[in-house]
Amino acid sequence: MLLNNYKVYLGYAVALHRGKLYLSTHDFDKALKPLLTPQVFTNVPRLKTIVIDPGHGGKNPGAINKNLSMVEKELTLDLARRLKAVLESRGYRVYLTRNKDQTIDNGSRPAIASRYKADLFVCLHFNSVGSRSVQGIETYTFTPQNQPSTARSRLVDEDRKAFPTNRYDSWSTLSAFYVQRQLIKTMGGVDRGIKKARFSMMLDLQCPGILVEGGFFSHYEEARKIKTINHRIRLAEAIADGIGTYHKTLQRISNPDA
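Asks: Any chance you could explain the layout of surface pockets here in plain terms?
Replies: Picture a little ball the size of a water molecule; that probe, rolled over the atoms, points out where space is still empty. Approximately 230 Å³ is the volume found for the largest pocket. As for the largest pocket, its lining consists of I64, N65, K66, N67, S128, V129, G130, R132, F217, S218 and Y220. Counted by class, the lining of the largest pocket contains four nonpolar, five polar and two charged residues.

Asks: Looking at this structure, how should I read the environment of K161?
Replies: Structurally, K161 is set in the loop between β10 (137-142) and α4 (169-187). Non-local contacts of K161, meaning those with residues more than four positions away in its chain, are made with Q145 and N166.

Asks: Got a minute to help me understand the packing of helix α2 (residues 72-89) against helix α6 (residues 229-254) in this structure?
Replies: For any two helices packed against each other, one specifies the inter-axial angle together with the distance between the axes. α6 packs onto α2 with a crossing angle of 50° between their chain directions and a minimal axis gap of 9 Å. Considering the angle they form, α2 stands oblique to α6. The handedness of the crossing between α2 and α6 is right-handed. Residues L75, D78, L79, R82, L83, V86 and L87 of α2 form the contact with α6, whose participating residues are I229, R232, I233, L235, A236, E237, I239, A240 and I243. Per-class residue counts for the contact of α2 with α6 are twelve nonpolar, no polar and four charged.

Asks: Looking at this structure, I do not really get the pattern of salt bridges. What am I missing?
Replies: Side chains that differ in charge, positive against negative, can pair when their charged atoms come close. Across all of its chains, the model carries 14 salt bridges by this definition. The partner of D53 in a salt bridge is R109, with the nearest N and O atoms 2.7 Å apart. Residue D53 is located in strand β5 (residues 49-54), and its partner R109 is located in helix α3 (residues 109-115); the two are separated by 56 residues in the primary sequence. You can call R109 buried: its relative accessible area is 2%. Among the ionic pairs, K73 bridges to D101, the shortest N-O distance being 3.0 Å. One end of the pair, K73, is in helix α2; the other, D101, is in the loop between β8 (93-96) and α3, with 28 residues separating them in the sequence. One connected set of salt bridges, linked through shared partners, spans D78, R82 and R232.

Asks: I keep staring at the pairing of β5 and nothing clicks. Help me out?
Replies: Consecutive side chains of a regular strand alternate in pointing toward one face of the sheet and then the other. Of all six residues in β5, six are buried, a share of seventy percent or more. In β5, alternate side chains face the same way, and those of T49, V51 and D53 on one face and I50, I52 and P54 on the other are all buried. Relative to β8, β5 is paired through four bridges, and the arrangement is parallel. Residue pairing for β8: I52 is matched across the bridge by L96.

Asks: What should I look at first to understand the side chain of D191 in this one?
Replies: Take D191: it is sitting in strand β11 (residues 191-197). A polar contact of 3.1 Å, which involves the side chain of D191, links it to the backbone nitrogen of K7. Engagement of the side chain of D191 in a polar contact is seen with the backbone nitrogen of G193, the distance being 2.9 Å. Once residues within four sequence positions are removed from consideration, D191 is found in contact with N5, Y6, K7, I137, Q180 and I184.

Asks: Looking at this structure, I do not really get the side chain of H247. What am I missing?
Replies: Residue placement: H247 occurs in helix α6. Side-chain polar atoms of H247 contact the side chain of Y92, separated by 2.7 Å. Setting aside its immediate chain neighbours within four residues, H247 contacts L47 and Y92.

Asks: So what exactly am I meant to see when it comes to helix α5 (residues 220-227) here?
Replies: Because an α-helix completes one turn every 3.6 residues, residues spaced three or four positions apart along the sequence face the same direction. If you check which residues of α5 are buried, you get E222, A223 and I226. End-on view of α5: buried residues confined to an arc of 100°, all on one side of the axis. The inward-facing, buried residues of α5 abut β6 (64-65), β7 (70-71), α2, β9 (120-127), β12 (209-216) and α6.

Asks: Just to check I follow, could you spell out the pairing of β10 for this structure?
Replies: β10 sits mainly inside the fold: six of its six residues count as buried. Every second residue of β10 is oriented toward a common face, with I137, T139 and T141 on one face and E138, Y140 and F142 on the other, all of them buried. Taking the sense of rotation as the criterion, the β-α-β connection linking β10, α4 and β11 turns out right-handed. Across three bridges, the pairing between β10 and β12 is antiparallel. Paired with Y140 across the bridge in β12 is L211.

So, how was this worked out
All residue numbers here refer to positions counted from 1 along the written sequence of the relevant chain. The model is predicted, so local features are restricted to residues of pLDDT at least 70 and side-chain atom pairs to those at 80 or more, both for listing and for counting; the totals for chains, interfaces and linings are taken over all residues. Side-chain metrics rest on all non-hydrogen atoms present in the structure, leaving aside hydrogens and water. The way it works is a 1 Å grid over only the protein atoms, where trapped points that fit a 1.4 Å probe form a cavity and open points with protein on both sides within 12 Å along at least five of seven lines form a pocket, and then any residue with an atom within 4 Å of a point lines it. Grid points are joined across faces, edges and corners, and a volume is the space filled by probe spheres set on the points. Side-chain classes are defined by residue name, with Ala, Val, Leu, Ile, Met, Phe, Trp, Tyr, Cys and Pro counting as nonpolar, Asp, Glu, Lys and Arg as charged, and the others, Gly among them, as polar. The helix and strand labels rest on DSSP assignments: H or I over at least four residues marks a helix, E over at least two residues marks a strand, and numbering proceeds from the N terminus. Pairs of residues are marked as contacts when any of their non-hydrogen atoms sit within 4.5 Å. Convention adopted: a line fitted to C-alpha atoms gives each axis, helices being fitted over their contacting stretch, and angles between N-to-C directions are expressed from 0 to 180 degrees. When an angle is under 35 degrees it counts as roughly parallel; over 145 it counts as roughly antiparallel; between 65 and 115 it counts as roughly perpendicular; any other value is oblique. Two helices that cross are described as forming a left-handed crossing if the nearer one is turned anticlockwise from the farther one by less than a right angle, and a right-handed crossing if clockwise. Any Lys or Arg side-chain nitrogen located within 4 Å of an Asp or Glu carboxyl oxygen qualifies as a salt bridge. The rule is simple: take the accessible area with a 1.4 Å probe, protein chains only, and divide by the maximum for that residue type; under 20% is buried, over 50% is exposed, in between is partly exposed. The pairing criterion is simple: DSSP has to find at least two bridges between the two strands. Throughout this description, a polar contact denotes any pair of N or O atoms lying within 3.5 Å of each other; where both atoms belong to protein, one of them has to be capable of donating a hydrogen while the other can accept it, and for residues adjacent in sequence the pair is counted only when both atoms sit in side chains. This arc is built from the directions going out from the helix axis to the C-beta atoms. With the strands pointing away from the viewer, any crossover whose connection runs clockwise from the first strand over the helix to the second is right-handed.

Here is the structure:
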């Protein structure tokens, strides 16, 4: 689906019946309402404390581009530190799940966010695939209950389960949209959209959460850009700007008469 020309992946295919298109009610509730009418949802979260999760670390290097001497765990940490600095300059309380090259089990990362009483969890990664032509930025939310993740088209047993983070589906979707939109506005390039996956580092979150894939190590030109400090500064500022827009929307919903 395109919303104002920004790509949002649905959980189910749009159906054509007697010349009319029909959207799943589940997608309407989980993908459209949070973006078009977020004010209809209750329990509007605050946004003061943000936990940033630099992907991988320690024994888990993540993606590697040997030709450019790039290791994902190093650049996610660098990006996280830059994002932390920008957000702190704007008045947020910010923590990192790791501030050095250490191994952290994915399943323990939500507990770190809970320890700091996070209002938003932002996981940072970079992509890599077998094809050297694939490029662009994408942002993930945790898959809603009773939906397949973006990489699949059919339900499996796990899809029917509700996880703690599913309580925040609407706000995760809204924050993901603003961050992805700002990343594409700022960085340009290919908009790979808002996608859904049941990532282990998100399933026990007690707050809204998103995962940003900031580009492809496997695409030579994009990797060259990611390697530069200036590009990562711009990535950090774009993510922070998207979070800022999300915060303004929360404030507007909480204080409609202000």
